[in-house]
Amino acid sequence: QVQLTESGGGLVQGGGSLRLSCAASGRTFSTYAMGWFRQAPGKVREFVAAISRNGGATNYHNSVKGRFTISRDNAKSTVYLQMNSLKPEDTAVYYCAGDLNYYSTRYAYWGQGTQVTVSS
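Each chain has its residues counted from 1, following the order in which its sequence is written. The model is predicted, so local features are restricted to residues of pLDDT at least 70 and side-chain atom pairs to those at 80 or more, both for listing and for counting; the totals for chains, interfaces and linings are taken over all residues. To obtain the side-chain values, all non-hydrogen atoms of the structure were included, while hydrogens and water were left out.

**Section: the sheet that holds strand S3 (residues 18–24)**
Note the following rule: At least two bridges found by DSSP between two strands are what make those strands a pair. Note on conventions: DSSP H or I runs of at least 4 residues are helices, E runs of at least 2 residues are strands, and numbering of each starts at the N terminus. Working convention: axes come from line fits to C-alpha atoms, limited for helices to the stretch in contact. Angles between N-to-C directions cover 0 to 180 degrees.
With respect to topology, 4 strands assemble into an open sheet ordered S1-S3-S8-S7, the strand pairing being antiparallel. Looking at which strands have only one partner, the edges of the open sheet turn out to be strand S1 (4–7) and strand S7 (68–73). Each adjacent strand pair in this sheet contributes to an overall mean axis angle of 15°, direction not counted. Two strands pair when backbone bridges link them, and S7 and strand S8 (residues 78–83) are joined in this way by 6 bridges, in the antiparallel orientation. Looking at the pairing, phenylalanine 68 lines up with methionine 83 of S8.

In structure tokens:
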């Protein structure tokens, strides 16, 4: 069982940056692939980025490539999402998630979400 807690959301102007953090409980963090997802009002939740257990592989949604960077620190049981050049369409609740399978399409563990609002 893994418990995930996101932080770092907030209000930022377009073109600005935010860094989201997701802290995991337990001592097995390094066995989980981690991902970030987001859900905008009235829209379905969508994949944003994923990172493998040791950080050696990453994957991004096309809409965030070149602007967002996912990383992890297994010693701190934390995964990060650095978001640069933010756009109003990035406004959403951002969730981190974990799964044993990097290629999973249905992550097993989820955080409660953190709101990101980008003003124009």
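So, next bit.
**A closer look at the nonpolar core**
Operational definition: To qualify as a nonpolar core, a set must consist of buried Ala, Val, Leu, Ile, Met, Phe, Trp, Tyr and Cys residues joined through side-chain atoms within 4.5 Å. With a 1.4 Å probe rolled over the protein chains alone, any residue whose accessible area is under 20% of its type maximum counts as buried; one over 50% counts as exposed, and the rest are partly exposed.
The biggest cluster of nonpolar side chains holds 28 residues, and the ones touching the most others in it are Trp36, Leu81, Met83 and Tyr94. Going through the elements one at a time, S3, strand S4 (33–39), strand S5 (46–51), S7, S8, strand S9 (92–99) and strand S11 (114–119) are the ones with two or more residues in this core. Counting residues in hydrophobic clusters, the runner-up holds 6 residues, among them Phe37, Ala50, Ala97 and Tyr102.

**Some thoughts on the state of the cysteines**
This is how it is decided: Cysteine sulfur atoms are paired as a disulfide whenever they fall within 2.5 Å.
This model, assessed by the stated rule, comprises 1 disulfide. Between the sulfur atoms of cysteine 22 and its disulfide partner cysteine 96 the distance amounts to 1.9 Å. Here cysteine 22, found in strand S3, pairs with cysteine 96, found in strand S9; they are 74 residues apart in sequence, far enough to count as distant. Using a relative accessible area of 0% as the deciding quantity, one classes cysteine 22 as buried.

**Quick word on the pattern of salt bridges**
Using the following cut-off: Any Lys or Arg side-chain nitrogen found within 4 Å of a carboxyl oxygen on Asp or Glu counts as a salt bridge.
Across all of its chains, the model carries 3 salt bridges by this definition. Across the pair arginine 38 and glutamate 46 runs a salt bridge whose closest N-O atoms are separated by 2.6 Å. Taking relative accessible area as the criterion, arginine 38 reaches 6% and is therefore assigned buried. The partly exposed category is assigned to glutamate 46, whose relative accessible area is 29%. The residue arginine 67 makes a salt bridge to aspartate 90 at a minimum N-O spacing of 2.8 Å. Here arginine 67, found in the loop between strand S6 (58–60) and S7, pairs with aspartate 90, found in the loop between S8 and S9; they are 23 residues apart in sequence, far enough to count as distant. Owing to a relative accessible area of 11%, arginine 67 belongs among the buried residues under this scheme. The structure contains a network of salt bridges with shared partners spanning Arg38, Glu46, Arg67 and Asp90.

**Observations concerning the environment of glycine 42**
Here glycine 42 is to be found in the loop between S4 and S5. Taking the C-alpha atoms as reference points, glycine 42 and tyrosine 95, 53 residues apart in sequence, are found 16 Å from one another.

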